[in-house]
Amino acid sequence: MKKIFNFAAILSVMVFASSCILEDVEPEYEVVGAVGTISGLTASSTSPSEGQTVTFTVNFYSEHENATELRMNRISGGTATTITTRNFTTWNTQDSYVETFQYQVPSGTAGSTVTIQFQLITQSGFSTTRNINLNVQSGG
């Protein structure tokens with residue numbers, strides 16, 4: 001009886017071990033609704049004065065689908081207004097990209113926070129955003 005139990009135990013271990021080794025490879029999958037990534041966003045100043053020009057540097061990539069445009073928007077009252085757009089006619093999903101944008105802080109904004117949003121849009125129309133706040137100082 002003990003030999004039968006040992007034989008059954010060894011057989012069970014071999015079956016379980018072989019099933020782990022012979023496990024099927026995950027099937028390929030199709031990416032639906034690929035979204036790019038804005039991996040970095042910096043501003044030359046986050047406390048600019050009215051009239052001052054702020055330079056933004058945006059690092060981004062889209063590894064599953066071509067990106068078609070990068071927009072710089074101003075958010076006001078929850079509504080995005082596009083300030084400028086960069087369109088991409090060629091795209092390499094293996095690369096990351098860096099773009100710079102200029103923004104002149106409007107007069108009449110001293111003492112307020114201006115929110116600038118960057119929006120990366122892919123070929124399928126999906127987008128990702130990243131915001132940065134500017135705490136506007138009085139000109140001087």
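For the structure itself, look to the data block above.
The structure contained in this document is the topic of the report that follows. Note that this is a predicted model, so its numbers are computed, not measured.

The rules behind these values
- Residues numbered from 1 in each chain as written.
- Predicted model: local features only at pLDDT ≥ 70, side-chain atom pairs only at ≥ 80, totals over all residues.
- Heavy atoms only, no water.
- Pairing = 2+ DSSP bridges.
- Helix = DSSP H or I, 4+ residues; strand = E, 2+ residues; numbered from the N terminus.
- Axes fitted to C-alpha atoms, helices over the stretch in contact; angles between N-to-C directions.
- Buried < 20%, exposed > 50% of the residue type's maximum accessible area, 1.4 Å probe, protein only.
- Polar contact = N/O pair within 3.5 Å; in protein donor to acceptor, adjacent residues only side chain to side chain.
- Contact = heavy atoms within 4.5 Å.

### Focus: the sheet that holds strand 3 (residues 67–76)
Taken in spatial order, the four strands make up an open sheet running 4-3-6-7, and their pairing is antiparallel. The two strands at the open ends of the sheet, each matched to only one other strand, are strand 4 (79–87) and strand 7 (127–135). Across this sheet, the average inter-strand angle for adjacent strands is 25°, counted without regard to direction. The pairing of strand 3 with strand 4 spans eight bridges and is classified as antiparallel. Residue M72 lies in a different strand from strand 4, and its bridge partner there is T84.

### Considerations on the sheet that holds strand 5 (residues 97–104)
The strands making up a sheet are joined through hydrogen bonds of the backbone, oriented either antiparallel or parallel. A sheet is described by the order of its strands in space; here three strands give the open sequence 1-2-5, paired in antiparallel fashion. The two strands at the open ends of the sheet, each matched to only one other strand, are strand 1 (37–43) and strand 5. In this sheet, neighbouring strand axes are inclined to one another by 20° on average, regardless of whether the strands run parallel or antiparallel. Where strand 2 (residues 53–61) and strand 5 come together, eight bridges link them in antiparallel fashion. Its bridge partner lying in strand 5, V54 is registered against Y103.

### So, the pairing of strand 3
The sheet contact formed by strand 3 and strand 6 (residues 113–122) spans eight bridges and is antiparallel. Residue pairing across strands places A67 opposite T122, the latter belonging to strand 6. With antiparallel pairing between neighbouring strands as the criterion, strand 3 and strand 4 make up a hairpin whose turn holds two residues, including G77 at a positive phi of roughly 60°.

### What about the side chain of N73?
Relative to the assigned elements, N73 resides in strand 3. Overall, N73 belongs to the buried group, its relative accessible area being 1%. There is a polar contact of 3.3 Å between the side chain of N73 and the side chain of Q119. Apart from residues no more than four positions distant in its own chain, N73 is found in contact with A80, T81, T82, I83, T115, I116, Q117 and Q119.

### Topic: the environment of T53
Within the secondary structure layout, T53 lies in strand 2. Relative accessible area serves as the criterion here: at 40%, T53 is assigned to the partly exposed category. For T53 and Q104, which are 51 residues apart along the polypeptide, the C-alpha to C-alpha distance reads 4.2 Å. With sequence-adjacent residues up to four places away left out, T53 is seen in contact with S44, Q102, Y103 and Q104.

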